[in-house]
Amino acid sequence: MNENRLTRIPLSRPTVLGTELDYVAQSLGQSHLAGDGKFTKLCHGLIEQITASPKALLTHSCTGALEMMGLLIDLKPGDEVILPSFTFVSTANAIALRGATPVFVDINPATLTIEPVEAAAAVTPKTRAIMAVHYAGIAADMDPLREITDNHGLVLLEDAAQALGATYRGRPCGSLGDLGAISFHETKNVVSGEGGALTVNDLRFAERAEIIREKGTNRSRFFRGEIDKYTWVDVGSSYLPSEIVAAFLYAQLQTTEQINDIRRAIFARYMDAFQELASKGRVTLPTVPADRVSNGHIFYLLLDDAEDRDRFMDHMREHDVSAAFHYVPLHDAPAGLRYGRVSGDLIHTQQTYDRLVRLPNFHELGESIDRVIGAALAYCE
Ligand SMILES: *Cc1c(COP(=O)(O)O)cnc(C)c1O
């Protein structure tokens, strides 16, 4: 890539492979541009293959797939869902939109995913589900969570927005919960601009998932020729993307492993470059536990505190490199205070927010990674 020294290296840039337009052109050649045509079916097949989920349904976003989960498990006012405070707003909105209460718990300081001990302590008679989030493409500790949900008759949900192609104990993310949500937003590894998918692993939810996604109708069964007219049978909304989006996405999904391998290589290069600083205790590196394979989605460093993190970000900006924090905790955000509740102390959530900084990680980063590493080392040394 011809890198202009004066251009700031972005945090993320959508992967565009070049083959997307062939499929988009093909989709335009069909007389079917709405959802659930040929390309949508092809995407469903590939997502089912990659996630080892028995059923995938494309949605217009991961946010949409998370909302579908709330509808599918019939969340209602008074119900509680346990989730990490360290996550994107959509995870909590899906619960609050149904009038249910998000119950925020702390994360494990090594993996930055929901701490099972905290989740277990947060269970009440009102609890309906636990929502795990696979942060940075590293799976949450799902087996202990499954034990809790089994013991209490709860649903296990998986926000796998960042985790397509990642695994936990040999099993792919997206297949680990009763329901999973994946994102194809432009910032993720595999993209369609906006886009997402719901994975249905407990097939008890399968028929109703199709209905909710198609405006509360049994249109999917009609398309399969199982019934001779379709009708309004339940509540629902329009969660499906058009064939144009599905065509674009199909090209990307076909190369998921190659896209992930590039991100993993960048992640490994950063790990190498900062190893010495980490051994001196100047920074903390991400932890990928031995029983998990990451998809390399995000690389981050943990600095000393908020002041150190802010100075690092300023320094990187002066060197034309983007760097960004993550996540402003949800539990004490204005809407978190209004709709949610906290269980336990959220000390690691707060400390992670204070200390974490993400570095550029995207398909075309190429040799520019040297500039990122050089600027970061110059600050830390
Ligand atoms: C990106 C993301 C979402 C939202 O995905 P969209 O496809 O943009 O709706 C939800 N949860 C997490 C953890 C995310 O990273």
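Before any of the text, the structure's been laid out above.
Quick caveat, the model's predicted, so the values are computed rather than measured.

**Some details on the side chain of S53**
Along the chain, the position of S53 falls in the loop between α2 (38-51) and β1 (55-59). Side chain to side chain, S53 and N201 meet in a polar contact 2.8 Å long. Once residues lying within four places of it in the same chain are set aside, the contact partners of S53 are E48, G174, S175, T199, V200 and N201.

**Focus on the nonpolar core**
Within the largest apolar cluster, 42 residues are counted, with the highest numbers of intra-cluster contacts made by I82, I114, I130, L145, F184 and L253. Mapped onto this core, the elements with two or more residues apiece are α1 (20-29), α2, β1, β3 (101-105), β4 (127-133), α6 (142-152) and α9 (243-253). Broken down by element, this core gets its largest block of residues, six residues, from α9. Core analysis: the second largest hydrophobic core is formed by 33 residues, L66, A100, F205 and Y239 among them.

**Some points on unusual backbone geometry**
Of note in the backbone geometry, A52 takes a positive phi value of approximately 55 degrees without being a glycine. With respect to the helices and strands, A52 occurs in the loop between α2 and β1. Judged by relative accessible area, which is 48%, A52 ranks as partly exposed. Although it is not a glycine, D320 adopts a positive phi angle of roughly 60 degrees.

**Focus: the environment of A324**
With respect to the helices and strands, the residue A324 is situated in the loop between α11 (306-318) and α12 (334-339). Of the residues examined, A324 reaches a relative accessible area of 17% and is grouped as buried. Sequence separation of A324 and R282 is 42 residues, and the distance between their C-alpha atoms is 19 Å. Look past the residues within four positions of A324 in its chain and what remains in contact with it is L11, M313, L356, V357 and R358.

**Focus on the site of the ligand**
Around the ligand sit 14 residues, and of these T63, D159, Q162, S183 and K188 come closest. Residue D159 places a side-chain N or O atom 2.8 Å away from a nitrogen atom belonging to the ligand. Between the ligand and the protein, one listed contact pairs an oxygen atom with a backbone N or O atom of G195 at 3.5 Å. The residue makeup of the shell around the ligand, split by class, is five nonpolar, seven polar and two charged.

Cut-offs applied
- Residues numbered from 1 in each chain as written.
- Predicted model: local features only at pLDDT ≥ 70, side-chain atom pairs only at ≥ 80, totals over all residues.
- Heavy atoms only, no water.
- Helix = DSSP H or I, 4+ residues; strand = E, 2+ residues; numbered from the N terminus.
- Polar contact = N/O pair within 3.5 Å; in protein donor to acceptor, adjacent residues only side chain to side chain.
- Contact = heavy atoms within 4.5 Å.
- Core = buried A, V, L, I, M, F, W, Y, C linked by side-chain atoms within 4.5 Å.
- Buried < 20%, exposed > 50% of the residue type's maximum accessible area, 1.4 Å probe, protein only.
- Near = heavy atom within 4 Å.
- Nonpolar A, V, L, I, M, F, W, Y, C, P; charged D, E, K, R; others polar.

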